[in-house]
Amino acid sequence: DLDEAARRLAHPPAGLSLDDVRALRRALALASARAGDLARAQRSLAADSSIETAAIQGRLFLYAGDLANARRAFKWAGPFAGDRADATERIRLLALLQPIEADTLPALGAGLWALDRGDTVAAIRSLVPLTDSLAPGKGGAGVALLLGEIAVARGDTAGADHWLRQAMTDSVAATSPAAEYALAHYLAARGNTKGAVASLEHLILTWPTSAVVPEARRLLQQLQAPDQGAAA
């Protein structure tokens, strides 16, 4: 009951500490955003300037398509707000936003907002046109990678293959290794060991300094271990 929660937080009980009140307001903001009410979410955070709140405000700006303020808020929050999973997701979002030159992009905000609410159909509908309007190195490859990840989560084999391969462009060093690793992981999960090994070997040779190479090496060793044992 978001209305009742907002009413009680407007006059919090005396026994609650300021940190408790702020935490509850952040929780209300996230719940409001996921319920489709960005205005209430923004009002919930209006009087809070903490880095934890900056992280959530970054999401709200992003959902509204305000990329400039979303970038600023995510940078302000840095790696300190929330737990490790929160920080990792924030870094991923910032990496998606950084190459995009526009300060506002409502379609991207709408797609990410829909995705956070669990509406993958609406998310795909908003995100797909961006892969044509954004050059690969200006955000298009990042959006394609996101679409590939959505397809993987949905079990959409054709979509996963299409979008992950589209994100594997040699001109975008920040995106291509991650996309190729995601494709290899998906191929391996579906029993296509040969295809997965080929992708991993190509990734390691092409992007030897990428941060995903250690994970790629571990997966490659796992996939090759049965063959090595049989050969022995």
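Heads up: these notes are all about the structure in this document. (Residues numbered from 1 in each chain as written. Predicted model: local features only at pLDDT ≥ 70, side-chain atom pairs only at ≥ 80, totals over all residues. Heavy atoms only, no water.)

## Structural notes on the overall build of the protein
What the protein contains, in helices and strands, is 14 helices and zero strands. Counting from the amino terminus, helix and strand elements in the protein follow one another as α-α-α-α-α-α-α-α-α-α-α-α-α-α. Within the protein, the proportion of its 232 residues that are buried is 43%. Considering only intrachain contacts with a sequence separation of at least 6, the fraction spanning at least 24 residues in the protein is 47%. Accessible surface for the protein amounts to roughly 12,200 Å². Of this, 55% is attributable to carbon and sulfur atoms. Separation between the mean location of the 24 positive side-chain charges and that of the 25 negative ones in the protein comes to 2 Å. (Helix = DSSP H or I, 4+ residues; strand = E, 2+ residues; numbered from the N terminus. Buried < 20%, exposed > 50% of the residue type's maximum accessible area, 1.4 Å probe, protein only. Contact = heavy atoms within 4.5 Å. Areas by Shrake-Rupley, 256 points an atom, 1.4 Å probe, with all protein chains shown as cover. Lys, Arg positive; Asp, Glu negative; His and termini not counted. Charge placed at Lys NZ, Arg CZ, Asp CG, Glu CD.)

## A closer look at the nonpolar core
Formed by 41 residues in total, the largest nonpolar core has its most connected members in L62, L108, L127 and L200. Of all the secondary structure elements, the ones that give two or more residues to this core are α5 (67–77), α6 (84–97), α7 (106–116), α10 (140–154), α11 (157–167), α12 (176–189), α13 (193–206) and α14 (213–231). Core analysis: the second largest hydrophobic core is formed by nine residues, A29, A33, L60 and W113 among them. (Core = buried A, V, L, I, M, F, W, Y, C linked by side-chain atoms within 4.5 Å.)

## Considerations on the pattern of salt bridges
Pairs can form between side chains of opposite charge whenever their charged atoms are close. The final tally for this structure, using the stated rule, is six salt bridges. With a shortest N-O distance of 2.7 Å, R92 and E149 are connected by a salt bridge. Taken together, the residues span a long stretch of sequence, with R92 in helix α6 and E149 in helix α10 at a distance of 57 residues. The closest approach of N and O atoms between R165 and D161, which form a salt bridge, is 2.8 Å. Taken together, the residues span about one helical turn, with R165 and D161 both in helix α11 at a distance of four residues. (Salt bridge = Lys/Arg side-chain N within 4 Å of Asp/Glu carboxyl O.)

## Thoughts on the packing of helix α8 (residues 120–127) against α10
Between α8 and α10, the shortest axis-to-axis distance is 11 Å and the interhelical angle comes to 155°. By the angle between their directions, the pair α8 and α10 is classed as roughly antiparallel. As for the relative orientation of α8 and α10, their crossing is left-handed in sense. Note on element contacts: α10 touches α8 through V143, L146, L147, I150 and R154, opposite T120, V121, I124 and L127. (Axes fitted to C-alpha atoms, helices over the stretch in contact; angles between N-to-C directions. Parallel < 35°, antiparallel > 145°, perpendicular 65-115°, else oblique. Left-handed = near helix turned anticlockwise from the far one by under 90°.)

## Quick look at the packing of aromatic side chains
Tallied over the entire structure, the rule returns one aromatic pair. Ring plane angle 15° and centroid distance 6.2 Å describe the contact between Y63 and W113, whose orientation is recorded as stacked. Pair noted here: Y63 is in helix α4 (residues 51–63) and W113 is in helix α7, with a separation of 50 residues, a long-range link. Judged by relative accessible area, which is 4%, Y63 ranks as buried. It is R117 that lies over the ring of W113; its NZ or CZ is 4.8 Å from the centre. (Phe/Tyr/Trp six-rings, centres within 6.5 Å; stacked < 30°, edge-to-face > 60°. Lys NZ or Arg CZ within 6 Å of the ring centre and 35° of its normal.)

## Thoughts on the side chain of T131
Positionally, T131 belongs in helix α9 (residues 130–133). Within the local environment of T131, its side chain forms a polar contact with the backbone oxygen of V128, the two atoms lying 2.7 Å apart. Those residues in contact with T131 that sit more than four places away from it in its chain are G140, V143, A144, L147, W163 and Q166. (Polar contact = N/O pair within 3.5 Å; in protein donor to acceptor, adjacent residues only side chain to side chain.)

## Some points on α6
Since one α-helical turn is 3.6 residues long, residues separated by three or four positions face the same way. Its 14 residues place the ends of α6 20 Å apart at the C-alpha level, agreeing with the 20 Å of an ideal helix rising 1.5 Å per residue. If you check which residues of α6 are buried, you get A87, R90, L93, L94, L96 and L97. Where α6 is buried, its residues touch α4, α5, α7 and α10. (Expected span 1.5 Å × (residues − 1).)

## Things to note about the packing of α7 against α8
One way to put it is that α7 packs onto α8 with a least axis distance of 7 Å and a crossing angle of 165°. One way to sum up the angle between α7 and α8 is to call them roughly antiparallel. In this structure, α7 meets α8 at a crossing whose hand is left-handed. Seen from α7, the contacting residues are A107, L108, A110, G111, A114 and L115; seen from α8, they are T120, A122, A123, S126 and L127. Per-class residue counts for the contact of α7 with α8 are eight nonpolar, three polar and no charged. (Nonpolar A, V, L, I, M, F, W, Y, C, P; charged D, E, K, R; others polar.)

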